[in-house]
Amino acid sequence: MDLSSDLRPAEPATPTRFVAPDRGANLARRRRMTRRHFTAASLTTLTAAGVLGTAPALADDGAWRRQDPFTLGVASGDPTSSSVVLWTRLAVDPHVLDGRGGMPSAPVEVRWELARDERFRDIVRRGTEIALPEEGHSLHVELEDLPADSEFFYRFRTGRHVSRTGRTLTTPAAGSSRNLRMVHLSCSHWEGGWFTAYRRAAEDRPDLVFALGDYIYEGGPGSSTIRKHPHRLCTTLEDYRLRYATYKTDPDLQELHATAPWIVTWDDHEIQDNWAGVHPKNGVPTDAWMARRIAAQQAYYENMPLRRSSAPVGSSIQLFRRLHWGDLATFHVLDTRQYRDLQACHDGGKTWWFTDCAEQEDPERTILGADQMQWLQDGMIEAGTTWQLLAQSVFFAKRDNAPGPTTTLGSDGWDGYRADRDQIVRTWDEHEVATPVVLTGDVHVHFANELKADFWEPDSATLGVELVTTAVTSGGDGSDKAKGEDDVLAENPHIKYIKSRRGYILSEYSTEELRVDYKTLAEVTRPGAEIQVDRTYVVPAGAPALHRA
């Protein structure tokens, strides 16, 4: 979204449905190979097989081996009751403009260890993976057959270098109702300020972290006096790799990645502000735009702790998926960018944010696409857990932004795709879906929303709640009162709370209730600010409504 205004304009998905078996099998085979299997001929073959190719080959004189290759930290993600993904990406110099991190155009052998203790006295697994240049020397180690509901520690080694230690876990198995403690956050603009919110979230020791988009921003260097984006606007694979490397050098971001497993989805700035499906921001698809999208998708996969079932295939990447926390919660992770129609009443991306636009009511318009919608409905009907969480990026509830009789809604969020929202709400109502909770980012402001059976009838039943997190840094320090806040509260009685400071949301789920802390920072333009709880709500299980604590 534009930064100029606050309120304006489980288990993973079944791989055979979404992954091209030949490419997935080939990548898996390559990772199992040891370095002695790589000949000059096989390396040439691997380079040719890359989605976008690699930079020209450089002679590997071994000088890079004297430097620490774990400068981008470690991470884990997408945990199940028996599995988790371990991630790292090698870069001895994250600031090299070609995005290669100072690494050679050759595979690198990396060892990993998983232990029950931080000192690695009780190692339960160890192994070796190959970091390939055509994947940015990233690793996605998928560990299987682990005990449920268990805490682990992990690290990587190559040569004499050892990474920092990360903490991860497997989720409770079916039958368990153990409490869940988690944070969700979004919108970390490098130039907007310091990533203190990541550090404070790590101090909360969550079980899980949900990152809901705008992990990076793609723009070139701006006017910030705090810190600047390197190089230029991101359009190529090299640009996006460099941008991720820059963000991942931040120690606060590294700390949160090392504290708990992440479950991620994207929004727009991972590619381009306000892109929509096959359309760039200006609404005109071109070959150059598609090449840029493919490059950005590759870089996103390389830099996130995703399973290999999410590796890009051609021009698509599989991001919607489902995970579970025992019998307590089901997580439906959505992709609200890749399959959507162009925003309603589009005029080149200039003024379509909030409009009185009849096209928003078009029943054919979609934000999820038919396949993802069917997958979501089936999953919600069949879940049977106490809580169902929809982890996604853009504002879900109706949000009228103008006073008086004119209804002025945004076209980039679910207001612009009302048929899809209505279909989801009907599913909740008709199938008595237990306590839906929509997790949202994007808008750089905290919101607490009740989700109505009919948003046009304020007295209709409340079927769920939406917890909208503010930004980590985007928009700078923010303010105690958002622009247009009084009008929004007056026009939307289902919106209970707004706060325009930076921060994140901490929540704890039990079989009885959901407790939600909206956390805020006084400033992000200076490092090290303390965190505070600005507002707390309690949502009873089975009776969705926001009760201020």
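So, how was this worked out
Counting starts from 1 at the beginning of each chain's written sequence and moves along it residue by residue. The predicted nature of this model means local features are confined to residues of pLDDT at least 70 and side-chain atom pairs, given and counted, to a pLDDT of 80 or more, with totals for whole chains, interfaces and linings taken over all residues. The basis for every side-chain value is the complete set of heavy atoms in the structure, and neither hydrogens nor water enter the calculation. To form a nonpolar core, buried Ala, Val, Leu, Ile, Met, Phe, Trp, Tyr and Cys residues must be joined to one another through side-chain atoms within 4.5 Å. Buried residues are those whose accessible area, probed at 1.4 Å on protein chains only, stays under 20% of the maximum for their type, while exposed residues exceed 50% and partly exposed ones sit between those limits. Under the DSSP-based scheme used, a helix requires at least four consecutive residues in state H or I and a strand at least two consecutive residues in state E, with every element numbered from the N terminus. Contacts were defined at the residue level, with two residues in contact if any of their heavy atoms lie within 4.5 Å. One less than the number of residues in a helix, times 1.5 Å, gives the span that helix is expected to have. Our working definition of a disulfide is a cysteine sulfur pair at a distance within 2.5 Å. Classification of ring pairs uses Phe, Tyr and Trp, with its six-membered ring standing for Trp, and accepts pairs whose centres are within 6.5 Å; under 30 degrees between planes counts as stacked, over 60 as edge-to-face, and the remaining range as tilted. For the purposes of these results, a polar contact is taken to be a pair of N or O atoms within 3.5 Å, where, inside protein, one atom must be able to donate a hydrogen and its partner to accept one; residues adjacent in sequence count only when each atom of the pair is a side-chain atom. What counts as a salt bridge is simple: a side-chain nitrogen of Lys or Arg found within 4 Å of a carboxyl oxygen of Asp or Glu. Computed over the protein atoms alone on a 1 Å grid, cavities are sets of points where a 1.4 Å probe fits but cannot get out and pockets are open sets with protein on both sides within 12 Å along at least five of seven lines; a residue lines them when it has an atom within 4 Å of a point. Grid points are joined across faces, edges and corners, and a volume is the space filled by probe spheres set on the points. Polar here means any residue other than Ala, Val, Leu, Ile, Met, Phe, Trp, Tyr, Cys and Pro, which are nonpolar, and Asp, Glu, Lys and Arg, which are charged; Gly is therefore polar.

(A) Focus on the nonpolar core. Membership of the largest hydrophobic core comes to 45 residues, with the highest contact counts inside it found for Leu185, Tyr198, Leu256, Trp262 and Tyr300. Those elements that place two or more of their residues in this core are strand S9 (180-185), helix H4 (196-203), strand S10 (208-211), helix H5 (237-248), helix H6 (251-259), strand S11 (262-264), helix H7 (287-303) and strand S21 (495-509). Considering every element that reaches this core, the biggest residue donor is H7, with six residues. Contact partners of Trp262, with chain neighbours within four places excluded, come to Ser76, Gly77, Asp78, Tyr198, Val209, Ala211, Tyr215, Leu253, Leu256, His257 and Pro305. Grouped together as the second largest cluster of nonpolar side chains are 31 residues, Met373, Val443, Val468 and Ile495 included.

(B) Examining H7 more closely. For H7, which comprises 17 residues, the first-to-last C-alpha distance of 25 Å matches the rise-based estimate of 24 Å (1.5 Å per residue) to within 8%. Judged by how many residues are buried, H7 sits mostly within the fold: 13 of 17 residues are covered.

(C) Representation of the state of the cysteines within the structure. As enumerated under the stated definition, the model contains one disulfide in all. Covalent S-S linkage joins Cys345 and Cys357, the inter-sulfur distance amounting to 1.7 Å. With the S-S bond torsion at 85 degrees, the cross-link from Cys345 to Cys357 turns out right-handed. Placement of Cys345 in the loop between strand S13 (329-333) and strand S14 (354-355) and of Cys357 in the loop between S14 and helix H8 (370-382) is noted, with a sequence separation of 12 residues between them.

(D) Up close: the packing of aromatic side chains. Per the counting criterion, the structure on display carries 21 aromatic pairs. Ring plane angle 45 degrees and centroid distance 5.4 Å describe the contact between Trp266 and Tyr300, whose orientation is recorded as tilted. Taken together, the residues Trp266 in the loop between S11 and H7 and Tyr300 in helix H7 connect sequence positions 34 residues apart. Pair check on accessibility: Trp266 and Tyr300 agree, each one buried. Here the aromatic rings of Phe320 and Trp375 are separated by 4.9 Å at their centres, their planes lie at 55 degrees, and the arrangement is tilted. With a gap of 55 residues between them, Phe320 in the loop between H7 and strand S12 (321-325) and Trp375 in helix H8 connect regions that are remote in the sequence. For the pair shown, Phe320 and Trp375 are each scored as buried.

(E) Looking closely at the side chain of His184. Position of His184 relative to the elements: it lies in strand S9. The class for His184 is buried, based on a relative accessible area of 0%. At a separation of 3.0 Å, a polar atom in the side chain of His184 contacts the main-chain carbonyl oxygen of Leu467. In this structure, His184 is in contact with Phe210, Leu212, Leu439, Thr440, Leu467, Thr469, Tyr504 and Ile505, ignoring residues within four places of it in sequence.

(F) Main features of the pattern of salt bridges. For the coordinates displayed, the defined rule picks out 36 salt bridges. With its nearest N and O atoms 3.8 Å apart, the salt bridge here joins Arg116 to Asp122. The class of Arg116 is partly exposed, set by a relative accessible area of 41%. You can call Asp122 partly exposed: its relative accessible area is 37%. Several salt bridges converge on common partners, so that one network encompasses Asp267, Asp268, Arg337, Arg340 and Asp412.

(G) Layout of the environment of Asp239. With respect to the helices and strands, the residue Asp239 is situated in helix H5. Judged by relative accessible area, Asp239 falls into the buried class, the value being 3%. In the structure, Asp239 is positioned 56 residues away from Ala295 in sequence and 9.1 Å away in space, judged by C-alpha atoms. Among all residues touching Asp239, those that are not within four sequence positions of it are His231, Arg232, Leu233 and Cys234.

(H) Structural context of empty space enclosed by the protein. Size it by volume and the largest cavity reaches roughly 110 Å³. In terms of lining residues, the largest cavity is bounded by 13 residues, among which Phe395, Arg399, Gly410, Asp412 and Gly413 are the most central. A class-by-class count of the residues in the lining of the largest cavity yields six nonpolar, three polar and four charged.

(I) Just unusual backbone geometry, in detail. Positive phi values are uncommon outside glycine, yet His137 reaches one of about 55 degrees. Taking the relative accessible area as the measure of exposure, His137 reaches 4% and is therefore buried. Positioned with a positive phi, Cys187 is a non-glycine residue whose angle comes to about 65 degrees. As for its placement among the helices and strands, Cys187 is situated in the loop between S9 and H4.

Everything listed here is a matter of coordinates, which is why it stays silent on function.
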